[in-house]
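Observations on the three-dimensional arrangement
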Amino acid sequence: MTTDFAATRAIFDLPEGVIYLDGNSLGPMPRAAAARVAHAVTEEWGKLLIRGWNAAGWMEMPARVGDRIARLVGAEPGSVVMGDTLSIKVYQALASALEMNPSRKVILSDTGNFPSDLYMADGLVRTLGEGYALRTVAPEEVEAAIGPDVAVLMLTEVDYRTGRKHDMAKLIAKAHAAGALVVWDLAHSAGAIPVHLARDGADFAVGCSYKYLNSGPGGPAFIYVAPRHQAVARPALSGWLGHEAPFAFDLDYRPGHGVERMRVGTPPILQLAALDAALDIWDGVEMEDLRAASLALQDRFIAGVEDACPDLVLATPRDHAMRGSQVSFRHAEGYAIMQALIHEGVIGDFRAPDILRFGFTPLYIGAAEVDRAVEILSRIMATRGWDRPEFKARARVT
Ligand SMILES: *Cc1c(COP(=O)(O)O)cnc(C)c1O
């Protein structure tokens, strides 16, 4: 292993006494991000004003930062661009892919997909009308359901609730053989596990930056379009910054060059500044090292919890090849148990109806934190420490 995880830990500013197992939902703050955002506010926005678009390189940021993410997901240079939220990017990728396969009308997805992805697909299908349909099957049934009427297979690689991982290379090959295009959502993959978009022949991919890439709340999403599709993929959301020449102010839309046509409107410069600083972390990290360390932490946690907490039922596959970077357990009182854990400084989260979710990020979590988290969880379970009214009152965000 060549990655120095003691060094990566020092990059983050985590509060004293907190064991943070929720980097899969919101990555913690890298110290450099705070300094970089302060610089972008006072020196760039404050002093350059409108000149910042040229002088500080703001206009190039979505593509420049996208290239840095491309490296982390095995994508070709010039194939990733930043902007908007993930839900918007799902819509864009799906709309382009559907249009590229005009003789078919079915979007195939699975019931483990994140609801927003399914909602966006449903909204697109309603707008298109004309027999378009969204079909969902159980995650285990996806492969068998790839039939001759499927236009686009739309999947999230790692299930947000259970951590179950699809076999990307196999499903792409199967879909292509059946004449379908594939849109991958990498929300729980980018920065968490090795991804090989180019090697595996992906068509479109999207993902967020505020989870494992640590860009902060509301950080922009990314979209990947395979180089072979870039000249034909028509952006359904045709905004001025995706135009070939935005500052010609033509009344007619002409898609821009390459993946930049997927830009829509003004990019979030302050969030991109935070992300740009956060991406420096990866300069010293080997993705294969990260994967091995993450699996070791997960296995340690699973063994500890199963040994001490027989009431918690593992929801994550045991097979390494079939999981991402999180471990989930089921319990009918999962919400209250998670609140009790958070009260004691172990931060994970809860996903309805009964999932306790723990993300393992070796960049700042080690074996000592895992052992301490198991110890605290064991005590809460043994003493029913969760059985208090204040732990049962549901907050707006779970
Ligand atoms: C986190 C997540 C989202 C969130 O989308 P936003 O538009 O950024 O709020 C969408 N899809 C998946 C699979 C996610 O995990």
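Residues numbered from 1 in each chain as written. Predicted model: local features only at pLDDT ≥ 70, side-chain atom pairs only at ≥ 80, totals over all residues. Heavy atoms only, no water.

**Here we look at the overall build of the chain**
To keep things clear, this is the line we draw: The helix and strand labels rest on DSSP assignments: H or I over at least four residues marks a helix, E over at least two residues marks a strand, and numbering proceeds from the N terminus. For the radius of gyration, the atoms used are the C-alpha atoms, and the globule rule reads 2.2 Å times the number of residues raised to 0.38. Each residue gets one of three labels from its accessible area relative to the maximum for its type: buried under 20%, exposed over 50%, partly exposed in between, using a 1.4 Å probe on protein chains only. We call two residues in contact whenever any of their non-hydrogen atoms come within 4.5 Å of each other. The method behind every accessible area is Shrake-Rupley, applied with a 1.4 Å probe, and residues are considered shielded solely by the protein chains displayed. Neither His nor the chain termini are counted; the positive set is Lys and Arg, and the negative set is Asp and Glu. The atom standing in for a charge is NZ when the residue is Lys, CZ when it is Arg, CG when it is Asp and CD when it is Glu.
Secondary structure summary: the chain contains 14 helices and 13 strands in total. On C-alpha atoms alone, the chain measures out to a radius of gyration of 22 Å, which is about the 21 Å that the 2.2 N^0.38 rule sets for 398 residues. Its C-alpha atoms give the chain principal-axis dimensions of roughly 70 × 55 × 45 Å. Burial statistics for the chain: of 398 residues in total, 55% are counted as buried. At a minimum sequence separation of 6, the contacts of the chain that also span at least 24 residues come to 73%. Per element, the accessible surface of the chain, about 16,500 Å² overall, is 57% carbon and sulfur. For the chain, the distance from the average site of its 39 positive side-chain charges to the average site of its 49 negative ones is 3 Å.

**As for helix α4 (residues 61-72)**
Put simply, the rule reads: Multiplying 1.5 Å by the residue count of a helix minus one yields the expected span of that helix. Here, the arc refers to the directions that run from the helix axis to the C-beta atoms.
Between its terminal C-alpha atoms α4 stretches 17 Å, which fits the 16 Å expected from 12 residues at 1.5 Å a residue. Among the residues making up α4, those that are buried are M61, P62, V65, G66, I69, A70 and L72. Looking straight down α4, one finds its buried side chains confined to an arc of 170°; they lie on one side. Tucked into the core, α4 has its buried residues touching α2 (31-48), β2 (80-82), β8 (222-225), α10 (269-278) and α11 (287-308). Positive phi shows up at G74, right after α4, with a value of about 65°.

**Considerations on the environment of V195**
Within the secondary structure, V195 sits in the loop between β6 (181-185) and α9 (197-200). Exposure remark for V195: the relative accessible area of 4% places this residue in the buried category. With near-sequence residues (within four places) excluded, V195 lies in contact with L72, V73, G74, E157, M168, L186 and S189.

**Regarding the pairing of strand β10 (residues 326-330)**
Stated precisely, the cut-off is as follows: At least two bridges found by DSSP between two strands is the condition for calling them paired.
Of all five residues making up β10, four are buried, and the element is well covered by its neighbours. Across two bridges, strand β9 (residues 313-314) lies against β10 in antiparallel orientation. Among the inter-strand pairings, V313 is bridged to a residue of β10, identified as R330. In the sheet, β10 pairs with strand β13 (residues 355-359) via five bridges, with the strands oriented antiparallel. Residue pairing for β13: V327 is matched across the bridge by F358.

**Re unusual backbone geometry**
The omega angle of the peptide bond from A352 to P353 is 5°, so this bond is cis rather than trans. A positive phi is found at R384, a non-glycine position, where the angle reads about 50°. Its relative accessible area of 48% is what places R384 among the partly exposed residues.

**As for the packing of α11 against helix α13 (residues 367-382)**
Angle between the axes and distance between the axes: these two values describe a pair of packed helices. We apply this condition: Between N-to-C directions, angles span 0 to 180 degrees; the directions come from axes that are lines fitted to C-alpha atoms, helices contributing only their stretch in contact. Each angle gets one of four labels, with under 35 degrees taken as roughly parallel, over 145 as roughly antiparallel, 65 to 115 as roughly perpendicular, and the rest as oblique. For any helix crossing, the convention is left-handed if the near helix is rotated counterclockwise from the far helix by under a right angle, and right-handed if that rotation is clockwise.
Between α11 and α13, whose axes approach to 9 Å, the crossing angle comes to 20°. In this view, α11 runs roughly parallel relative to α13, as classed from their interaxial angle. Classified by chirality, the crossing of α13 by α11 is right-handed. On α13, the residues touching L297, R300, F301, G304, V305 and A308 of α11 are A367, V370, D371, A373, V374, L377 and S378.

**Notes on helix α12 (residues 334-343)**
Most of α12 is tucked away: eight of the 10 residues are buried. Among the residues of α12, G334, Y335, A336, I337, M338, Q339, A340 and L341 are the ones counted as buried. In this structure, the buried side of α12 is in contact with β11 (346-347), β12 (349-351), β13, α13 and α14 (389-392). Directly after α12, the chain includes G345, whose backbone phi takes a positive value near 90°.

**A short note on the site of the ligand**
Worth spelling out the cut-off: Summary of the distance rule: residues count as near a molecule or strand when at least one heavy atom falls within 4 Å of that molecule or strand. Polar contacts, as counted here, are pairs of nitrogen or oxygen atoms within 3.5 Å of one another; within protein the pair requires one atom able to donate a hydrogen and one able to accept it, and residues that are adjacent in sequence qualify only if both atoms are side-chain atoms. Charged residues are taken to be Asp, Glu, Lys and Arg, nonpolar residues to be Ala, Val, Leu, Ile, Met, Phe, Trp, Tyr, Cys and Pro, and polar residues to be all remaining types, Gly included.
Lining the immediate environment of the ligand, one finds T85, L86, S87, F114, D117, T156, D185, A187, H188, Y210 and K211. Here D117 contributes a side-chain N or O atom positioned 2.7 Å from a nitrogen atom of the ligand. Between the ligand and H188 there is a distance of 2.8 Å, counted from an oxygen atom to a side-chain nitrogen or oxygen. Protein chains bury 85% of the 390 Å² of accessible surface belonging to the ligand in isolation. Looking at the shell around the ligand residue by residue, the classes come out as four nonpolar, four polar and three charged.

**Brief notes about the sheet that holds β12**
Taken in spatial order, the four strands of this open sheet run β9-β10-β13-β12, and their pairing is antiparallel. At either end of the open sheet lies a strand with only one pairing partner, and these are β9 and β12.

**Some remarks on the packing of aromatic side chains**
Heads up, the condition is: Working definition: a ring pair exists when centres of Phe, Tyr or Trp rings (six-membered ring for Trp) sit within 6.5 Å. Plane angles under 30 degrees give stacked, over 60 give edge-to-face, the rest tilted. Any Lys NZ or Arg CZ found within 6 Å of a ring centre and within 35 degrees of that ring's normal is scored as a charge over the ring.
Throughout the structure, instances matching the rule amount to 11 aromatic pairs. Judged by centre distance (6.4 Å) and plane angle (35°), the rings of Y20 and Y364 are tilted. Taken together, the residues Y20 in strand β1 (residues 19-20) and Y364 in the loop between β13 and α13 connect sequence positions 344 residues apart. Grouping residues by exposure puts Y20 and Y364 together as buried. An aromatic cluster of at least three residues, connected via ring pairs, comprises F301, F329, F358 and F360. Note that R394 overlies the ring of Y335, its terminal NZ or CZ placed 4.6 Å from the centroid.

**Some words on the side chain of S378**
Relative to the helices and strands, S378 is located in helix α13. At 2.5 Å, the side chain of S378 forms a polar contact with the backbone oxygen of V374.

**Some points on the sheet that holds strand β5 (residues 150-156)**
With respect to topology, seven strands assemble into an open sheet ordered β2-β8-β7-β6-β5-β3-β4, the strand pairing being mixed. Lying at the two open borders of the sheet, with one neighbouring strand each, are β2 and β4 (133-137). Each strand of the sheet is rotated relative to its neighbour by a mean of 20°, with strand direction disregarded. With respect to the sheet, helix α5 (residues 86-99) is in contact with β3 (106-110), β5, β6, β7 (204-207) and β8, its orientation differing from that of β7 by roughly 170°. Strands β5 and β6 of the sheet are contacted by helix α8 (residues 168-177), whose axis makes an angle of about 155° with β6.

The values are spatial; any link to function lies outside them.
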